[in-house]
Amino acid sequence: MKNKRIANIILILFLILGLAFPVFAEDAAVATVNHASTSGIDTLWVLIAAFMVFLMQAGFGMLEAGLIRTKNTCNVLMNNFLDFCMASTAFFIFGYAIMFGKGNGFMGLSGWGLVNVTHEGSIPLEAAWLFHAVFCGAAATIVAGGIAERMKFKAYLMYSFLVSATVYPIVGHWVWGGGWLAKLGFSDFAGSTVVHAVGGTAALVGTIMVGPRIGKFNKDGTANAIEGHSMALASLGTLILWFCWFGFNPGSTLSVGDGSFMSKVAVNTNLAAAVGALTAVFFAWYLFGKPDLTMSMNGALAGLVAITAPCAYVVPYEAMIIGFVSGIIVVLGTIFLDRIHVDDPVGAVPVHCMNGIWGTIAVGLFGREGLGGLAGNGLMHGGGFKLLGVQMLGTFTAVIFVVVAMTIIFKMIDMIVGLRVSRDEELKGLDLSQHGMEAYSGFQVFINR
């Protein structure tokens, strides 16, 4: 009788375990699926954002092509097309290792060609590489507008490889790769300094070293307007860039979560662009007596550049203030460059360099502790000058480094192949002299300036 009772108890236990096990197993499976789904959704979002940032190459190409003369259209499009190819190759072989590899506070020293890379995060290594590769391409292509219409094509290719392999990744390591600026608490959410100030400063150095276009400045020091050939292309390019910035900034969240974080970043991005455009066009209207389409386009881009660093750290009305200031900066910056005889055909320097610096400093002014993981408050929220000081140190150190590095790189390229085309080639146009083709066959117009 006793043995039978024990047997019944054992049978009941087995029944309980048999009923419970599928429930426990199902819970475990659901947890695994949920985890996998979350990681998969994050990866999908990052890849979509990367594809959008890649499309910025088309935006830059259309913008720059529209703002330069017909006879140089093929050349500027070739620059935009092939600098992404050069950037992808250089960033794969050297750049990612320098930016994220184990090393020191200055640069990474391991993971060349993505071999033996230590990768942390919820998204795969390949997705992370692609996302940062398109950022690298965006930084490299900024220079195409500054040196347009007079730089040798082979010199530009050499530049784009070297900046993608060394200069951009080194600054990226300082900020996003655990380098010395990251350890100081420097914050640049999506790249006002890392991408735009780096690219804009490189454009400034290249523009100065290659010299102004023939006919840009008169003997008395006044500047002549050299009109672009297609405002339609330029407008299309600007709108493409604005759209792609919704991959650039919200994509830098690197995750979806409940959607609130990326939504806030998207709203801030849009508001800064809109206010930047409005401010630039009305300010230029006041100064020059006419509403200027180019200024409105560059005002929008200036707002987008400026909000790139603080987009996760501020609230919407602060994004509008940042956009307002950026619109003023882009107009005054354009006037200033003409006065010091720096010929920037598309406004790459005031848009990217000047407003990249402004956007980074804005983190130190308007940043709110806790938003986007920011470690401290900015000056306007009781944080004193600590964060502001770090932001200013970081962005100006990056600019100085790029000035020195790009001066060396451009000097080296000039010694090897030369930077600038001949006078006859420039007057004929780089499409024919450098590429032997025309963008608008049968409609080419030759002018002696």
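Throughout, a residue's number is its position along its own chain's written sequence, starting from 1. Reporting in this predicted model follows two pLDDT cut-offs: at least 70 for local features of residues, and 80 or more for side-chain atom pairs to be given and counted; totals over whole chains, interfaces and linings ignore these cut-offs and use all residues. Remark: hydrogens and water are excluded; side-chain values derive from all non-hydrogen atoms of the structure.

(A) Quick peek at the nonpolar core. The set of buried Ala, Val, Leu, Ile, Met, Phe, Trp, Tyr and Cys residues whose side-chain atoms join them within 4.5 Å is what this entry labels a nonpolar core. Burial here depends on accessible area, computed with a 1.4 Å probe over protein chains only, as a share of the maximum for the residue type. Under 20% is buried, over 50% is exposed, and the range in between is partly exposed. Among the nonpolar cores identified, the biggest contains 116 residues, and Tyr159, Val167, Tyr168, Phe248 and Met406 are the most heavily contacted of them. The helix and strand labels rest on DSSP assignments: H or I over at least four residues marks a helix, E over at least two residues marks a strand, and numbering proceeds from the N terminus. Considering every element that reaches this core, the biggest residue donor is helix H4 (residues 125-146), with 15 residues. Residue contacts are defined here by distance: any two heavy atoms, one from each residue, within 4.5 Å place the two residues in contact. Contact partners of Met406, with chain neighbours within four places excluded, come to Tyr159, Val163, Val167, Ala202 and Val205.

(B) Structural context of the packing of aromatic side chains. Side-chain rings of Phe, Tyr and Trp (the six-membered ring for Trp) are treated as a pair once their centres are within 6.5 Å; stacked means planes under 30 degrees apart, edge-to-face means over 60, and tilted covers the remaining angles. Tallying each qualifying case throughout the model produces 21 aromatic pairs. When the ring of Phe91 is compared with that of Tyr168, the centres are 6.4 Å apart and the planes differ by 55°; the resulting orientation is tilted. Placement of Phe91 in helix H3 (residues 73-100) and of Tyr168 in helix H5 (residues 153-176) is noted, with a sequence separation of 77 residues between them. Residue class for Phe91 comes out buried when judged on its relative accessible area of 0%. Between Phe131 and Phe135, the aromatic rings sit 4.7 Å apart at their centres with planes inclined by 40°, giving tilted as the arrangement. Highlighted residues: Phe131 and Phe135, both in helix H4, separated by four residues, approximately one helical turn. As far as the burial class goes, Phe131 and Phe135 line up, both buried. Ring pairing ties together the aromatic residues Phe91, Phe92, Tyr96, Phe100, Trp129 and Tyr168, which thus form one cluster.

(C) How the structure looks around the packing of H3 against H5. In the contact formed by H3 and H5, the axes pass within 7 Å of each other and the chain directions differ by 40°. Taken together, H3 and H5 sit at an angle that is classed as oblique. The crossing of H3 and H5 is right-handed. Throughout, the ten residues Ala, Val, Leu, Ile, Met, Phe, Trp, Tyr, Cys and Pro are labelled nonpolar, Asp, Glu, Lys and Arg are labelled charged, and all others, Gly among them, are labelled polar. Across the contact of H3 with H5, the residue classes break down as 19 nonpolar, eight polar and one charged. Lines fitted to the C-alpha atoms define the axes, with helices restricted to the stretch that makes contact. Angles between their N-to-C directions range from 0 to 180 degrees. Oblique is the label for any angle not covered by the other classes, which are roughly parallel (under 35 degrees), roughly antiparallel (over 145) and roughly perpendicular (65 to 115). Two helices cross in a left-handed way if the nearer one is turned anticlockwise from the farther one by less than a right angle. They cross in a right-handed way if the turn is clockwise.

(D) Examining the pattern of salt bridges more closely. Should a side-chain nitrogen of Lys or Arg be within 4 Å of a carboxyl oxygen of Asp or Glu, the pair is scored as a salt bridge. Counted according to the given criterion, the structure contains six salt bridges. For Arg69, the salt bridge identified is with Glu149, shortest N-O distance 3.1 Å. Here the residue Arg69 occupies a position in the loop between helix H2 (56-67) and H3, and Glu149 occupies one in the loop between H4 and H5, the gap between them amounting to 80 residues. Taken as a pair, Arg69 and Glu149 share a single burial class, namely buried. As a salt-bridge pair, Asp338 and Lys216 come within 3.9 Å of each other at their nearest N and O atoms.

(E) Representation of empty space enclosed by the protein in the model. Cavities and pockets were defined on a 1 Å grid built from protein atoms only: a cavity is a group of points that admits a 1.4 Å probe but offers it no way out, a pocket is an open group of points flanked by protein on both sides within 12 Å along at least five of seven lines, and a lining residue is one with an atom within 4 Å of any such point. Grid points are joined across faces, edges and corners, and a volume is the space filled by probe spheres set on the points. The full count for this structure, using the stated rule, is one cavity of 30 Å³ or more. By volume, the largest cavity is sized at about 70 Å³. In terms of lining residues, the largest cavity is bounded by Phe60, Leu63, Glu64, Ile142, Asn298, Leu301, Val346, Gly347, Ala348, Val351 and His352. Residue assignment for the lining of the largest cavity shows that the elements contributing at least two residues are H2, helix H10 (293-308) and helix H12 (348-366). Residue classes in the lining of the largest cavity are distributed as seven nonpolar, three polar and one charged.

(F) Spotlight on the layout of surface pockets. What the largest pocket holds in volume is close to 890 Å³. Phe100, Glu120, His132, Trp176 and Leu254 are, among the 35 residues lining the largest pocket, the residues nearest its centre. Secondary-structure elements contributing two or more residues to the lining of the largest pocket are H3, H4 and H5. With four residues, H4 is the single largest residue contributor to the lining of the largest pocket. Here the lining of the largest pocket is built from residues that sort into 18 nonpolar, 14 polar and three charged. By volume, the second largest pocket is sized at about 740 Å³. If you list the elements that add at least two residues to the lining of the second largest pocket, you get helix H9 (260-288), H10 and helix H11 (316-339).

(G) Representation of the environment of Tyr156 within the structure. Positionally, Tyr156 belongs in helix H5. For the pair Tyr156 and Gly206, spaced 50 residues apart in the sequence, the C-alpha separation amounts to 9.9 Å. The contact partners of Tyr156, leaving out residues within four places of it in the chain, are Asn79, Asp83, Ala140, Thr141, Val143, Ala144, Ile147 and Met151.

(H) Focus on helix H7 (residues 192-210). When the terminal C-alpha atoms of H7 are compared, their 25 Å separation across 19 residues agrees well with the 27 Å that a helix rising 1.5 Å per residue should span. Most of H7 is tucked away: 16 of the 19 residues are buried. Where H7 ends, the next residue or the one after it, Gly211, has phi of about 85°, a positive value. Expected helix span is computed as 1.5 Å times (number of residues minus one).

(I) Structural detail: the side chain of Thr360. Along the chain, the position of Thr360 falls in helix H12. Apart from residues no more than four positions distant in its own chain, Thr360 is found in contact with Phe186, Ser192, Thr193, Ala309, Gln391 and Thr395.

(J) Local environment of a nonpolar patch on the surface. Taken together, the side chains of Phe92, Ile93, Phe94, Leu109 and Trp112 present a nonpolar region at the surface, about 440 Å² in accessible area. Structurally, Phe92 can be placed in helix H3. Patch construction takes residues with relative accessible area above 30% that form no salt bridge. Like charges are linked within 9 Å, and nonpolar side chains (Val, Leu, Ile, Met, Phe, Trp, Tyr) are linked within 5 Å. Areas reported here follow the Shrake-Rupley algorithm with a probe of radius 1.4 Å; residue values treat only the protein chains shown as occluding.

(K) Seen up close, the environment of Asp188. Here Asp188 shows up in the loop between helix H6 (180-184) and H7. Exposure remark for Asp188: the relative accessible area of 3% places this residue in the buried category. Considered as a pair, Asp188 and Leu427 are 239 residues apart in the sequence and their alpha carbons are 42 Å apart. If near-sequence neighbours (up to four positions away) are discounted, Asp188 is found in contact with Val175, Trp176, Thr193, Val194, Ala309 and Tyr313. Definition of a polar contact: a pair of N or O atoms within 3.5 Å, with one able to donate and the other able to accept a hydrogen when the atoms are protein atoms, and with sequence-neighbouring residues admitted only if both atoms are side-chain atoms. From its side chain, Asp188 meets the backbone nitrogen of Val194 in a polar contact 3.0 Å long.

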